[in-house]
Every structure is written in structure tokens, then in C-alpha cells.
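# A look at the structure
Given next are the chains, with one letter for each unit.
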Amino acid sequence: MMLSDYIPSAGLPKHIGSVTASNTAAVAFTGLSADYYMYEIVCRGLQPASDNVTFWLRTSSDGGSSYDATGYGHAGEVFQPSSFSTNGSLSATRVDIIENAGTASDEFYSGHIRIMDHDALTPTLVFFHFNGTNSFSSLTGQRGYGIRDSNTVVDAVQILCSSGNIAVGKFELFGWKAQ
């Protein structure tokens, strides 16, 4: 096989937009469309304003006027130097993407979220992977999967905390063109 056999013909992702959070209630990206078969949100230096919270992802089918609060499922894994745990829910109000996020100067996360099948033909799929230091100042990696279990067009996503605001963080949206 040649290297080109492993590279999608749709090419490299297109940078669509970015948001820098600074004591922000939620970060949202609107205008998702069928022009792209996959979106990726790259997140750097995330830290909540409140200690020991969970970062969530929610979706919208009305351009971000409101965000769905039912119909999600998720499963995840948390890796630490001396432990491993799993979590999940089949009947959730959001997709949990980072657990036990803390506020100390050395507690932050960076990673990415991929969103696929947002075109109403099938449920929307979410994949995520983050690394950082949690609210217990322990090195940790978190990865998992989520679903918006509805055959509706997802045209916006929102990232927020289970309590309080997003203190800091850089969010960049990329899209892969549909063929």
C-alpha cells in the first residue's frame, strides 16, 4: 500500500473558527452543516472556575437557540498512574468529556472532540480524548464515546461545566469536507 491509501481523499481539515474562554458560561459552535462529514474541536488549557467539576457537551438542532437536555449516552475511561476507572450512562442529559477538573494552577486539560453523523440519517456520534491534571493534582488521561440518540440534524454544539463557568481555555473548530 501507498501512503495515499491511508489519507482520505477529502484532504486536510479546514479551520472554521475559534473561541477563547475567559470566565465564560459555555462555548458554542453553530452552523455545523452537511458540507462536512466530521468536525473536530481542539481544546487547549481548559480549566473550570469551580473546583472538581465535569466538562459536558450538548447538541442543538435549532442553530443553538436551545440545547438538547435528554437523549444522550456516553462511556469513558479515566487513566491515572496508579489507577484506571470507567464511567457511563445510557440515559444522560449530556456527554461527559472531562471529570474532576480542578482550579489549581497546575490543573488543566487539553485534547480533542470529534463529532460525526450529525446529518439526521443516524444518531450523532462523539469521540473524545483529553490529558491533563485533575482536581486531585494527579496526572490523568480521559477518553470516551458519546451519542446523541436521535435522527435529527445537529447544527450546533456547546461545551460547559457541571457547575460554574469555564475559567480559561482555547477552542478551535475544524471540519473535514464531505466527498
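Residues numbered from 1 in each chain as written. Predicted model: local features only at pLDDT ≥ 70, side-chain atom pairs only at ≥ 80, totals over all residues. Heavy atoms only, no water.

### A closer look at the environment of Phe128
By the element assignment, Phe128 lies in strand β9 (residues 124-133). Among the residues examined, Phe128 registers a relative accessible area of 7% and is labelled buried. Spatially, the C-alpha atoms of Phe128 and Arg143 are 5.4 Å apart, while their sequence positions differ by 15 residues. When residues no more than four places from it in sequence are discounted, the contact partners of Phe128 are Ala75, Val95, Asp96, Ile97, His112, Ile113, Gln142, Arg143, Gly144 and Tyr145. (Helix = DSSP H or I, 4+ residues; strand = E, 2+ residues; numbered from the N terminus. Buried < 20%, exposed > 50% of the residue type's maximum accessible area, 1.4 Å probe, protein only. Contact = heavy atoms within 4.5 Å.)

### A look at the pairing of strand β11 (residues 156-161)
Burial within β11 is extensive, with six of its six residues counted as buried. Sheet analysis places strand β2 (residues 26-30) next to β11, joined by five bridges and oriented antiparallel. Each residue of the ladder has a partner; that of Ala26, found in β11, is Leu160. Bridging between strand β4 (residues 53-60) and β11 involves six bridges; their strand directions are antiparallel. Paired with Thr59 across the strands is Val157, a residue of β11. (Pairing = 2+ DSSP bridges.)

### Some remarks on the packing of aromatic side chains
One pass over the full model with this rule turns up two aromatic pairs. Judged by centre distance (5.4 Å) and plane angle (55°), the ring pair of Tyr36 and Tyr39 falls under tilted. Comparing Tyr36 with Tyr39 shows no difference in burial state: the two are buried. Lying over the aromatic face of Tyr72, Arg148 brings its terminal NZ or CZ to 5.3 Å of the ring centre. (Phe/Tyr/Trp six-rings, centres within 6.5 Å; stacked < 30°, edge-to-face > 60°. Lys NZ or Arg CZ within 6 Å of the ring centre and 35° of its normal.)

### Focus: the side chain of Asp68
Among the secondary structure elements, Asp68 is positioned in the loop between β4 and β5 (72-80). Using a relative accessible area of 18% as the deciding quantity, one classes Asp68 as buried. Excluding its chain neighbours within four sequence positions, the residues that come into contact with Asp68 are Arg58, Thr59, Ser60, Ser61, Thr93 and Arg148.

### Describing unusual backbone geometry
If you check the backbone angles, Asn23 has positive phi at about 55° while not being a glycine. Within the secondary structure layout, Asn23 lies in strand β1 (residues 14-24). With a phi angle near 60°, Asp117 is a residue other than glycine that sits in the positive phi range. Of note, Asp117 is situated in the loop between β8 (109-116) and β9. Assessed through its relative accessible area of 29%, Asp117 is described here as partly exposed.

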